[in-house]
Amino acid sequence: MNESNTDTLLPEACAGKIFEFSGSKFAPDIAAELWPKILQHKWLMSEKLGRDVGLRTASIDFLGNIDQAHKEFMAYKQPDLLAEMGAQTVGREIWNTISDSQPPKQVVERRIILPLTEEKLARKHGVVSPKTIIFFGPPGTGKTHFVKAIAGVLSWWYIEIAPSMLMADGIDKLGVNLRNVMEKARQLEQAVIFIDEFEEIAASRDTANRIDKSITNEFLKQVPLLKNQGNRILLVCATNYIRQLDAALLRPGRFDCIIPVGGLDDKGRETILRHYLSRLNTGDVDIDQVTALTDRFTPADIEYMFQKVAQSAFELEYTSKQEYKVTTETFVKVVAQITPSLTDEIIEEFIQDSATYSRA
Ligand SMILES: Nc1ncnc2c1ncn2[C@@H]1O[C@H](COP(=O)(O)OP(=O)(O)O)[C@@H](O)[C@H]1O
Ligand SMILES: [Mg+2]
């Protein structure tokens, strides 16, 4: 390259110039994309040969076979990165625990899954698959569960980034940590990156007195970078409190989809009930009756109810020394001890938020 700068980014002062790497000329935007890859290739060549390879040699080698060179780098770096980021695999079956009527399964299927699995058709019609998504809704409605299900059905890596991890080095390092994590994420292929409790790091500037305000700015820088990449990466952020998020983040163009995750209808509850029932030692259970009993239960409430049912069946058999089978009666007793999470107030608030913030 005819510039002496070896930063990972092309200096802004160079904007508008034509760049020359080892005899080939490139427009600035192409050069900006190639430059970090050439540096990566230089690193990889040096690593493989056990000596420092010069920029010129690396450029020539890289430009001779751009696609292959970049793939090689990714393959070399990927296992380290995946381990470092705590990447997990998720089974496809988790998607099937979600009934078609459970919001937002249909939106997710149409907007996120299909354009990625039917890539050719999507391209034909100019459909661009979303890269950045927010899930919002009351606690326990299945936001995390959905993100895992998406990773599972796509067979992509699932990487969870906890706000506490980003804040581990103190609030003032939050921006730097976020940038580092996103830089790593951008090098991956086929990964769902999940930031839970998003409001912890992305609350509105007016109220976020505890947290360095630069975090929203850092985020606003990272989102377009992620979108410009050709990689198959999905960034999903989840929050119980969409109202607290900085309005700057919610403007069109930042997140592609803002999706409400709300309560369950009868069909949705029945599907989850059947899923958990299959793990119990059951006698006669009237599923319609249990479905009716669990109105306003979130998936988390249902899970809790099953834990209690299982524990009580186990204890009863232990004390009586006689086989205990779970029946409708067992559910009636246990449900009486549980207060459903969804109240009129929460539902009303969620309906308002859905009208205000949803974008699919
Ligand atoms: N079909 C389902 N949809 C959503 N959650 C489910 C489903 N089946 C079981 N669950 C369980 O319900 C619990 C609550 O879901 P979670 O995703 O943690 O909610 P949130 O992230 O919205 O607080 C989780 O333990 C999840 O595994
Ligand atoms: Mg969650």
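Note that this is a predicted model, so its numbers are computed, not measured. Just so you know, the residues in each chain are numbered from 1, in the order the chain's sequence is written. Here every chain gets a letter starting at A, and every ligand a number starting at 1, in the order they are written. Predicted model: local features are reported for residues with pLDDT of at least 70 only, side-chain atom pairs are reported and counted for 80 or more only, and whole-chain, interface and lining totals are derived from all residues. Remark: hydrogens and water are excluded; side-chain values derive from all non-hydrogen atoms of the structure.

A.B. asks: Is there a simple way to explain the packing of aromatic side chains in this structure?
C.D. replies: Given two aromatic rings, one states the distance between the centres and the angle between the planes to describe the pair. We call Phe, Tyr and Trp rings a pair once their centres come within 6.5 Å, taking the six-membered ring for Trp, and we label the pair stacked below 30 degrees between planes, edge-to-face above 60, and tilted otherwise. Following the criterion strictly, the structure yields 11 aromatic pairs and no others. The interplanar angle of 75° and the centroid separation of 5.8 Å between the aromatic rings of Trp-43 and Tyr-76 together place this pair among those described as edge-to-face. Of this pair, Trp-43 sits in helix 1 (residues 28–49) while Tyr-76 sits in helix 3 (residues 66–84), and the two are 33 residues apart along the sequence. Here Phe-306 and Phe-331 contribute two aromatic rings whose centre-to-centre distance is 5.4 Å and whose plane-to-plane angle is 70°, an arrangement assigned as edge-to-face. Here Phe-331 lies in helix 15 (residues 328–335) and Phe-306 lies in helix 14 (residues 299–320), a separation of 25 residues in the sequence. In this structure, Phe-306 and Phe-331 share a single accessibility class: buried. Going along the chain from the N terminus, every DSSP run of H or I of four or more residues is numbered as a helix, and every run of E of two or more is numbered as a strand. Note on classification: 1.4 Å probe, protein chains only; a residue is buried when its accessible area is under 20% of the maximum for its type, exposed when over 50%, partly exposed between these limits.

A.B. asks: Would you explain the site of ligand 1 in this entry?
C.D. replies: Neighbouring ligand 1 are 15 residues; Gly-140, Lys-143, Thr-144, His-145 and Glu-303 lie closest to it. One of the side-chain N or O atoms of Glu-303 is found 2.6 Å from an oxygen atom in ligand 1. Exposure was quantified through the Shrake-Rupley algorithm and a 1.4 Å probe, taking into account, for residues, occlusion by the shown protein chains and nothing else. Protein contacts shield 82% of the accessible area of ligand 1, which totals 560 Å² for the unbound molecule. Secondary-structure elements contributing two or more residues to the shell around ligand 1 are helix 6 (143–154), helix 12 (266–277) and helix 14. In terms of residue class, the shell around ligand 1 is built from six nonpolar, seven polar and two charged. Put simply, a residue is near a molecule or strand once any heavy atom of it comes within 4 Å of that molecule or strand. N or O atoms within 3.5 Å of each other form a polar contact, as long as, within protein, one can give a hydrogen and the other can take it, and as long as residues adjacent in sequence are counted only when both atoms are side-chain atoms. Gly is put with the polar residues, along with every residue not named as nonpolar or charged; the nonpolar set is Ala, Val, Leu, Ile, Met, Phe, Trp, Tyr, Cys and Pro, and the charged set is Asp, Glu, Lys and Arg.

A.B. asks: Mind showing me how you'd approach unusual backbone geometry here?
C.D. replies: One can expect most non-glycine residues to show negative phi and most peptide bonds to be in trans. With omega at 0°, the peptide bond leading from Pro-103 into Pro-104 counts as cis. Of note, Glu-197 is a non-glycine position whose phi angle comes to about 45°, a positive value. Its place among the elements puts Glu-197 in the loop between strand 5 (191–195) and helix 9 (199–202). Its identity as a non-glycine residue notwithstanding, Lys-321 has a phi of 60°, on the positive side. Its place among the elements puts Lys-321 in the loop between helix 14 and helix 15.

A.B. asks: Would you explain the sheet that holds strand 7 (residues 257–260) in this entry?
C.D. replies: For sheets, the rule is that strands pair by backbone hydrogen bonds, running either parallel or antiparallel. Reading across from one edge, 4-5-6-3-7 is the order of the five strands in this open sheet, with parallel pairing throughout. Since the sheet does not close on itself, it has two edges, and those belong to strand 4 (157–161) and strand 7, each with one partner. Averaged over all neighbouring strand pairs, the angle between strand axes comes to 20°, with direction disregarded. Any two strands with at least two DSSP bridges between them are considered paired. Pairing geometry for strand 5 and strand 6 (residues 233–239), over five bridges, is parallel. Considered in strand 6, the bridge of Ile-193 is made with Leu-235. Across the sheet, helix 4 (residues 105–117) touches strand 3 (132–136), strand 6 and strand 7, and the angle it forms with strand 7 is around 165°. Axis angles are defined between N-to-C directions and span 0 to 180 degrees, where every axis is a line fitted to C-alpha atoms and, for a helix, only to the segment in contact. By the convention used here, residues are in contact when the closest approach between their heavy atoms is within 4.5 Å.

A.B. asks: Sorry, what's going on with the environment of Asp-353 here?
C.D. replies: Checked against the element boundaries, Asp-353 lands in helix 16 (residues 344–357). We classify Asp-353 as buried; its relative accessible area is 9%. Each C-alpha atom, one on Asp-353 and one on Asn-96, is 28 Å from the other, the two residues being 257 residues apart in sequence. Once residues lying within four places of it in the same chain are set aside, the contact partners of Asp-353 are Phe-136, Ile-242, Arg-243 and Ser-358. Of note is the side chain of Asp-353, whose polar atom sits 2.7 Å from the side chain of Arg-243.

A.B. asks: For this particular structure, what's the right way to read the packing of helix 12 against helix 14?
C.D. replies: How two helices sit against one another is set out by the angle between their axes and by the gap between those axes. Running from amino to carboxyl end, helix 12 crosses helix 14 at an angle of 30°, the nearest separation of the two axes being 10 Å. Classed by the angle they form, the pair helix 12 and helix 14 counts as roughly parallel. Crossing handedness for the pair helix 12 and helix 14: right-handed. Contacts between helix 12 and helix 14 involve Arg-269, Ile-272, Leu-273, Tyr-276 and Leu-277 from the first element and Pro-299, Ile-302, Glu-303, Met-305 and Phe-306 from the second. Class assignment for the residues of the contact of helix 12 with helix 14 results in eight nonpolar, no polar and two charged. Roughly parallel means an angle under 35 degrees; roughly antiparallel, over 145; roughly perpendicular, 65 to 115; everything else is oblique. Working rule for handedness: look at the near helix, and if it is turned counterclockwise from the far one by less than a right angle, call the crossing left-handed; if clockwise, right-handed.

A.B. asks: Help me understand the domain arrangement of the chain in this model?
C.D. replies: Where the parts come together, the accessible area they lose is often given as the size of the interface. Here the chain is described as being made up of domain 1 (12–77), domain 2 (92–263) and domain 3 (266–341). Taken together, the contact pairs 10 residues of domain 2 with eight residues of domain 3. Buried surface at the junction of domain 2 and domain 3, summed over both partners, amounts to about 570 Å²; 65% is from carbon and sulfur atoms. When two parts are put together, the accessible area they lose, computed with a 1.4 Å probe and summed over both, is reported as buried area. The largest per-residue losses of area from domain 2 upon contact with domain 3 belong to Thr-97, Ser-99 and Gly-140, which jointly make up 57% of the total buried on that side. Any carboxyl oxygen of Asp or Glu that lies within 4 Å of a side-chain nitrogen of Lys or Arg is treated as forming a salt bridge with it. Run the count over domain 2 and domain 3 and you get zero salt bridges. Summed over the shared surface of domain 2 and domain 3, the number is two residue pairs in polar contact (both at pLDDT 80 or more). In terms of residue class, the side of domain 2 that touches domain 3 is made up of two nonpolar, eight polar and no charged. Residue ranges for the domains originate in an automatic or database domain assignment.

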